[in-house]
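Reading the structure
The chain contents come next:
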Amino acid sequence: MRAKQITNVADARRFARRALPRVVFDYIDGAADDERTMHANESAFDDVALVPRMAVGGETPDLTTSVLGTSLSLPVLLAPCGLVRLMHPDGAVGVARAAAHAGTVSVLSTVAGSPVDEVAPAAPGLLWFQLYAPGGRRGAEPLLAKVAEAGVEVLVVTVDTPALGNRERDRRNGVASPLRIDARNAARLGPQILARPGWVYAMARSGIRFSPAHSVDGFSMLSMASSPFRWDDIAWLREQWPGKLVVKGVVAAADAAAAAERGADAVVVSNHGGRQLDGSVATLHALPAVVAAVGTRVEVLFDGGIRRGTHVAKALALGATAVMIGRPYLWGLAAGGEAGVAQVLASLRRELAQTLLLAGCPSVGDLDRSWITPAGFVGGLPET
Ligand SMILES: Cc1cc2nc3c(=O)[nH]c(=O)nc-3n(C[C@H](O)[C@H](O)[C@H](O)COP(=O)(O)O)c2cc1C
């Protein structure tokens, strides 16, 4: 498949499904329990309607924005995601390079599968690092030193993972959560893996080996287990980390305020793409209260369910500084490596530009409440 065939995020998902063994596709695509929060994240965008303005010209809209002092060519960042090397040999380096070429930031997860000193040179100034610290503060210290040494200036701390969510697709596929492919389940997974010879070949060429005695090299990922941060740990991190600090994974306004009080520079309104607590509030529904509580003190980033340029515009109109995407770029990566990620970003850029153009909005910085309305007839049909 050629990356150029990806016209939108849904295409990328379809191609990813064809490229990956089901166990890996499900790891990306799945969420906790009945996956209601994941779907709620997506459908919440239908609760907001755009109100386009007419006859204001047709100039090319300005998509540039500034996030934590860094200028970005579009307000879409790549969220931290684990195990990216299982999706394509281009892995985290390919992701970082695609983002940097597009003029935006990518966030490297602690459990991405590639060390920070290998990835940072691919995206100077545009790579952030996301911290999990299952070993507590003592485990975090050496990792922070490595991150700083690699020249990364922004640290993202994910606080929504005191334990891993109940990912039932992974259970059903026989891979314990956290995802693990080893001797015990290799026989069961064999047929679905062999059904994707292109993926097996690519993995083998990139040096990932399946051995009966060991889990896949580098992917036993015990570190993916819980990362139980508390607010005093955030205050401690604030003292340790000289650069910018972002707290990811809040939906309660009080938690955003707690992060701001501990000196965070930004929060990410996120429920981990519905992969943690199923039944928790859709992120778009949580966004306005967070913006009202801390929007003047810290930058408010947003993720969950962004699949179209219109979704980016709606989140920005509700007060987000910028958004992050998770699954969309992973699908692009699986479908076409670095070029696939680039194509997903290009499609969102094109869609966002067209959204603003058709809405008569000159720039992403102009997006505010005046461009949206609750969808449906609020309080019944209006009188005529
Ligand atoms: C396969 C996968 C792995 C993820 N791994 C991490 C991770 O290691 N650290 C983290 O903070 N968030 C992780 N996330 C959550 C994303 O950063 C992000 O919050 C979420 O994907 C956004 O929702 P979306 O996928 O609907 O865009 C992961 C998400 C997916 C889909």
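Right above here is the structure, for reference.
Now for a description of the structure that goes with this document.

Considering the site of the ligand
Close to the ligand lie 25 residues, the nearest being P80, S109, T158, D303 and R307. Separating a nitrogen atom of the ligand from a side-chain N or O atom of Y132 is a distance of 3.1 Å. Within the side chain of R307, a nitrogen or oxygen atom sits 2.9 Å from an oxygen atom of the ligand. Relative to its unbound accessible area of 610 Å², the ligand is 99% covered by the protein chains.

Observations regarding empty space enclosed by the protein
Within this structure, the stated rule accounts for three cavities of 30 Å³ or more. In this structure, the largest cavity spans a volume of roughly 430 Å³. Those elements that place two or more of their residues in the lining of the largest cavity are α2 (22-29), β11 (322-325) and α14 (327-359). Looking at the lining of the largest cavity element by element, the count peaks at three residues for α14. Each residue belonging to the lining of the largest cavity can be placed in one class, and the counts come to 15 nonpolar, nine polar and six charged. Empty space within the second largest cavity amounts to approximately 70 Å³. Contributing to the lining of the second largest cavity are 15 residues, with A92, V95, V107, L108 and Y329 lying nearest its centre. Counting residues per element, the ones that place at least two in the lining of the second largest cavity are α4 (91-101) and β5 (106-109). The residue makeup of the lining of the second largest cavity, split by class, is 13 nonpolar, two polar and no charged.

Observations regarding the pairing of β11
Burial of the side chains of β11 extends over both faces: A322 and M324 are buried on one face and V323 and I325 on the other. Tracing the backbone out of strand β10 (residues 299-303), into helix α13 (residues 309-317) and back to the parallel element β11 gives a crossover that is right-handed.

What about the environment of G103?
The residue G103 is located in the loop between α4 and β5 in this model. Expressed as a C-alpha distance, the spacing of G103 and L126, which sit 23 residues apart in the sequence, is 8.0 Å. Aside from chain neighbours lying at most four places away, what touches G103 is S71, L72, S73 and L126.

With respect to the packing of α2 against α14
Running from N to C, α2 and α14 cross one another at 160°; their axes reach a closest spacing of 10 Å. When the interaxial angle is binned, α2 and α14 end up roughly antiparallel. Contact residues: α2 offers F25, I28 and D29, while α14 offers R327, L330 and W331. Residue composition of the contact of α2 with α14, grouped by class: four nonpolar, no polar and two charged.

Conventions used here
- Residues numbered from 1 in each chain as written.
- Predicted model: local features only at pLDDT ≥ 70, side-chain atom pairs only at ≥ 80, totals over all residues.
- Heavy atoms only, no water.
- Near = heavy atom within 4 Å.
- Polar contact = N/O pair within 3.5 Å; in protein donor to acceptor, adjacent residues only side chain to side chain.
- Areas by Shrake-Rupley, 256 points an atom, 1.4 Å probe, with all protein chains shown as cover.
- 1 Å grid on protein atoms, 1.4 Å probe; cavity = no way out; pocket = protein on both sides within 12 Å on 5 of 7 lines; lining within 4 Å.
- Points joined across faces, edges and corners; volume = space filled by probe spheres on them.
- Helix = DSSP H or I, 4+ residues; strand = E, 2+ residues; numbered from the N terminus.
- Nonpolar A, V, L, I, M, F, W, Y, C, P; charged D, E, K, R; others polar.
- Buried < 20%, exposed > 50% of the residue type's maximum accessible area, 1.4 Å probe, protein only.
- Right-handed = clockwise from strand over helix to strand, strands pointing away.
- Contact = heavy atoms within 4.5 Å.
- Axes fitted to C-alpha atoms, helices over the stretch in contact; angles between N-to-C directions.
- Parallel < 35°, antiparallel > 145°, perpendicular 65-115°, else oblique.

Note that every value here comes from positions in space, so none of it alone points to a role or purpose.
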